Amino acid sequence: MEKLHSLCVFLALLVHCLTLSFVEAGVTKISTDKQALLALKARISHDPSKLLGINWSTSSSVCEWIGIRCGFRHHRVTALNISHLGLTGTLPSQLGNLSFLATIDIKNNSFYGSLPEELTQLRRLKYLSFSYNRLSGELPASIFDNLPNLQSVNLHENMFQGKIPSTLSKCQILQYLYLSFNYFTRAIPKEIGNLTQLKWVYLGSNKLQGEIPKELGNLAEVEILSFSNNSLIGTIPSLLFNLSSLIYTDFSNNSLIGSLPDNMCQYLPNLEGLYVSHNQLTGPIPNSLGQCTMLRFVSLEMKQIQRTYSKRNWELDINQLSISWLEQIERWDTIRNW
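A word on the sheet that holds strand 6 (residues 110-113)
Taken together, nine strands build an open sheet; the order of strands is 1-4-6-8-10-12-14-16-18 and the sheet is mixed. At either margin of the open sheet sits one strand with a lone partner, and together these are strand 1 (44-46) and strand 18 (255-256). Alignment of strand 1 against strand 4 (residues 88-89), held across two bridges, turns out to be antiparallel. Residue pairing in the sheet places H46 in a bridge with T88 of strand 4.

What follows is the structure in structure tokens.
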């Protein structure tokens, strides 16, 4: 009986010690999150609303701070959203310590400087939105080495330069890629063609060069391809006209040559927008254009293309285009400038 009592006392002490260790570990981890966010706060030089200055206090729980969401199970920071606050500052390396972070959104501020390479430590990250800031420098290739859950990358309208890292291809479930309105140079990485779950690809208004990779014809789920306002050369890969999910494509304002395939609409039942103007395209307007029954926007730059189409085939469609233009223009402008 005495041995049984001793065993019970031992087990009770063991459970108590384990409980304390788990609690201490949890406190330590949330403290790590708090220190990372305080490091971010210290890098902010202008906070016009003073929201972070007042609300991000060491005396309150980090899970109660503005723009912070914590997980129910582990009580760790899972989302950071400080968008549209007019903040000015730089991004600290300590952001890489937010190991449970799934969403980071700092769009529409004035953050500047480079992206910390430590972001590659955020293995749980799904959504990254840094658009409409003043971030600059090259994208470190290592950032995308270890982000297997990343679904959306939005770096639209910053000042990034250099090449687009081919390591993006390691983000195998990436669906949305917004790199437009930056200063990216060199060629479009052919490895992007390995991201077969991509739906929206915005690479417009950069300084990209070279040819459009034929590997992009592997993007079986893509809906939007926007490469406008670059310095792309060569022909538009014919495989892109086999992407039946394609809704909108913009190749305008480049130096592309060749002609549009005569049967281009045979495999594009969902195409609504086609922009290929301000290139060096030649040849006839495809007779199959009338088969793109969903088409609402066409920019072909008629001076560069022979007017050898059959009115019988698609005069009606042109009328429908002009009628529906005002109805759809606002929606497409929103998508183009997202």
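Observations regarding the pattern of salt bridges
A complete count under the given rule lists five salt bridges for this structure. A salt bridge links K170 to D145, with the shortest nitrogen-to-oxygen separation between them at 2.9 Å. Here D145 lies in the loop between strand 8 (134-138) and strand 9 (152-154) and K170 lies in the loop between strand 10 (159-162) and strand 11 (176-178), a separation of 25 residues in the sequence. Residue K170 is classed as partly exposed on the basis of its relative accessible area of 46%. The salt bridge involving K199 is made with E221; its shortest N-O contact spans 3.5 Å. One end of the pair, K199, is in the loop between strand 12 (183-187) and strand 13 (200-202); the other, E221, is in the loop between strand 14 (207-211) and strand 15 (224-226), and 22 residues separate them in sequence. In this structure E221 comes out as partly exposed when scored by relative accessible area, which is 36%.

Focus: the state of the cysteines
Evaluation of the coordinates by the stated rule reveals two disulfides. Disulfide pairing places C265 opposite C292 at an S-S distance of 1.9 Å. In this structure the cystine formed by C265 and C292 twists about its S-S bond by roughly -105°; its chirality is therefore left-handed. On the criterion of sequence distance, the pair formed by C265 in the loop between strand 18 and strand 19 (273-275) and C292 in the loop between strand 19 and strand 20 (297-299) is long-range, its members being 27 residues apart. Taking the relative accessible area as the measure of exposure, C292 reaches 3% and is therefore buried. Counting only the cysteines that form disulfides, in the order they appear in the protein chain, gives the pairing 1-2, 3-4.

Quick word on unusual backbone geometry
Notably, H84 is not glycine yet its phi reads approximately 60°, a positive angle. Counting through the fold element by element, H84 comes out in the loop between strand 3 (77-81) and strand 4.

Remarks on the nonpolar core
Within the largest apolar cluster, 79 residues are counted, with the highest numbers of intra-cluster contacts made by L80, I82, F130 and F227. For this core, the secondary structure elements donating two or more residues are helix 1 (2-42), strand 2 (68-70) and strand 3. At four residues, the largest contribution of residues to this core is made by helix 1. Filtering out sequence-adjacent residues up to four positions away, F130 remains in contact with L91, I104, I106, K107, L115, L119, L135, N154, L155 and N158. In this structure, W200, Y202, Y248 and F297 belong to the second largest nonpolar core, which totals seven residues.

Scoring rules and cut-offs
- Residues numbered from 1 in each chain as written.
- Predicted model: local features only at pLDDT ≥ 70, side-chain atom pairs only at ≥ 80, totals over all residues.
- Heavy atoms only, no water.
- Pairing = 2+ DSSP bridges.
- Helix = DSSP H or I, 4+ residues; strand = E, 2+ residues; numbered from the N terminus.
- Salt bridge = Lys/Arg side-chain N within 4 Å of Asp/Glu carboxyl O.
- Buried < 20%, exposed > 50% of the residue type's maximum accessible area, 1.4 Å probe, protein only.
- Disulfide = S-S within 2.5 Å.
- Core = buried A, V, L, I, M, F, W, Y, C linked by side-chain atoms within 4.5 Å.
- Contact = heavy atoms within 4.5 Å.

Keep in mind these numbers describe shape, not what the thing actually does.
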